[in-house]
Amino acid sequence: MKTVMTIFGTRPEAVKMAPLALELSRREGLRALCCVTAQHREMLDSVLDIFRLKPDFDLNVMQPSQTLASITSRCLLGLEEVFVRAQPDLVLVHGDTSTTFAGALAAFYHQIPVGHVEAGLRTYDKLSPFPEEMNRKMTGAIADLHFCPTPANRDNLARENIRSGVFVTGNTVLDALKTTVRAEFRFTDKILNQLDYVNQKVVLVTCHRRENYGRPMANIMTALRRLADAFPDVRLVYPVHLSPVVQQAAGQYLSGHPRIHLIPPLSVDEMHNLMARCFLVMTDSGGLQEEAPALGKPVLVLRRETERPEAVEAGTVKLAGVEEEEIFRLARELLSDPAAYQQMARAANPYGDGRACRRIADAVQWHFGQLDRPPQPFAV
Ligand code: UD1
Ligand code: UDP
């Protein structure tokens, strides 16, 4: 019996790790343990509830307006105690957050092998996304097993001479999406049930990245308000991240408009079903860039670059940047030109086929000598 511990702390890691934690717990030969750092509190708990996942350890590190150093140090110290008690044979971390890097580093300090889920994404710009690009790179430097969503992510690692222990699995977010979207879904939010998804154009917005704080966020939000002013048939729905910086900016630039709905963060099933019904997604989120293409929804990415170029190449995602005029222009085109819209509204699944968790669990068992062969790689 081998003990495999998943470690995660923020909303997106939870969405992408919960299906994997559940898959691992179904495997004979593995003792699956789950440790949450709770870098996010409410937004994490909401995901755990939806997937009915009960962590074995909870470090409860979140503090209001926490700094990067405080998250990292609190995670490092908390994990030390957890490792001493649980003695994992392998630790699995996900993606590019402070929890990810601290989880990998803490495991390294205890000489516990590390598997990195969602490995190999790169912008090659240290400051964008910040601090995620370096978190992901430093985690990759520590990891022994690398679970890349796409072949391009594997190639990025090969360029850094990381060639062994690399598996192309697809992104686990597609596994999650398979379980949440339903035609008959009813929202708990009254506004979302009352929206007319056929005759109005519902634009789903999220914006939270640290490198967008300040001027970029002001530009983005000014462009969004202009869109709501210019298009009477548009309804902007923006579930606002709980970060105080984001709350303040959304309140300042977007409140008090009859066609802009600022709402609290949605549970992940509500979010996926809203995405399935909306007209267009405008976001700086990583996860939404992967989910929306699978649902056939065009995405304007509110960033200067993306570490997820696959959907841009597939034509369902456009990089809109962080300048007001360009964001407004690209959105106006999609809202007023049906041909331009149809060109982007084609379902594409460059990030996975809903079987990533199975592949990762197979690779883990193969690593431990419990299976004869590694999983077949994900191919588009
Ligand atoms: C973090 C990740 C980012 C990821 C994002 C997903 C890092 C450095 N950043 O950024 O990569 O894209 O999560 O959302 O790891 N808060 C609450 N309740 C919650 C969650 C957050 O009140 O449930 C507030 C707290 O005041 C907290 C602040 O939001 O201090 C910021 O949270 P933090 O995890 O530091 O940064 P994010 O911007 O959420
Ligand atoms: N999400 C959610 N409710 C929201 C906003 C996002 O459930 O109100 C989900 C979204 O569907 C995706 C994940 O959270 O699965 C993305 O998280 P976020 O945008 O916070 O982080 P990122 O992906 O940018 O790191």
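Further up the page is the structure itself.
Residues numbered from 1 in each chain as written. Chains lettered and ligands numbered in written order. Predicted model: local features only at pLDDT ≥ 70, side-chain atom pairs only at ≥ 80, totals over all residues. Heavy atoms only, no water.

Structural notes on the nonpolar core
Note that soluble globular proteins tend to have their nonpolar side chains buried in a common cluster. Counting residues in each nonpolar core, the largest one holds 57 residues, and the members touching the most others are F8, F147 and L192. Sort the elements by how many residues they give to this core and helix 1 (residues 11-25) lands first, with 7 residues. Apart from residues no more than four positions distant in its own chain, F147 is found in contact with L92, G115, H116, V117, E118, A119, F167, T169, I360, A363 and V364. Judged by nonpolar contacts, the second largest core, of 36 residues, contains V240, L254, F279 and Y341. (Core = buried A, V, L, I, M, F, W, Y, C linked by side-chain atoms within 4.5 Å. Buried < 20%, exposed > 50% of the residue type's maximum accessible area, 1.4 Å probe, protein only. Helix = DSSP H or I, 4+ residues; strand = E, 2+ residues; numbered from the N terminus. Contact = heavy atoms within 4.5 Å.)

Here's the deal with the environment of P55
In this structure, P55 sits in the loop between helix 2 (42-51) and strand 3 (57-58). The exposure class of P55 is partly exposed, given its relative accessible area of 29%. The spacing of P55 and D372 is 317 residues in sequence and 30 Å in space, taken between C-alpha atoms. What P55 contacts, discounting residues up to four positions off in sequence, is C34, V36 and L48.

Focus: the environment of V268
With respect to the helices and strands, V268 occurs in helix 11 (residues 268-277). For V268 and G315, which are 47 residues apart along the polypeptide, the C-alpha to C-alpha distance reads 25 Å.

Points about the site of ligand 2
Surrounding ligand 2, one finds 17 residues, the nearest of these being R11, L266, S285, G287 and E291. The contact in question runs from an oxygen atom of ligand 2 to an N or O atom on the side chain of H208, over 3.3 Å. At 2.8 Å, a backbone N or O of L266 approaches a nitrogen atom of ligand 2. Considered on its own, ligand 2 offers 540 Å² of accessible surface; in the complex 95% of this is hidden by protein. For the shell around ligand 2, the secondary structure elements donating two or more residues are helix 1, helix 11 and helix 12 (286-294). Ranked by residues supplied to the shell around ligand 2, first place goes to helix 12 with 4 residues. Counted by class, the shell around ligand 2 contains 8 nonpolar, 6 polar and 3 charged residues. (Near = heavy atom within 4 Å. Polar contact = N/O pair within 3.5 Å; in protein donor to acceptor, adjacent residues only side chain to side chain. Areas by Shrake-Rupley, 256 points an atom, 1.4 Å probe, with all protein chains shown as cover. Nonpolar A, V, L, I, M, F, W, Y, C, P; charged D, E, K, R; others polar.)

A look at the sheet that holds strand 7 (residues 166-168)
Taken in spatial order, the 7 strands line up as 3-2-1-4-5-6-7 in an open sheet, and their pairing is parallel. Each edge of the sheet is formed by a strand with only one pairing partner; in this case those strands are strand 3 and strand 7. Looking at chain direction, strand 2 (residues 30-36) and strand 3 are connected through 2 bridges and run parallel. Following the sheet pairing, C35 is matched in strand 3 by F57. Those strands touched by helix 5 (residues 132-142) are strand 4 (90-94), strand 5 (114-117) and strand 6 (145-148), and its axis lies near 145° from that of strand 5. (Pairing = 2+ DSSP bridges. Axes fitted to C-alpha atoms, helices over the stretch in contact; angles between N-to-C directions.)

Function cannot be read off these values alone, since they describe shape.
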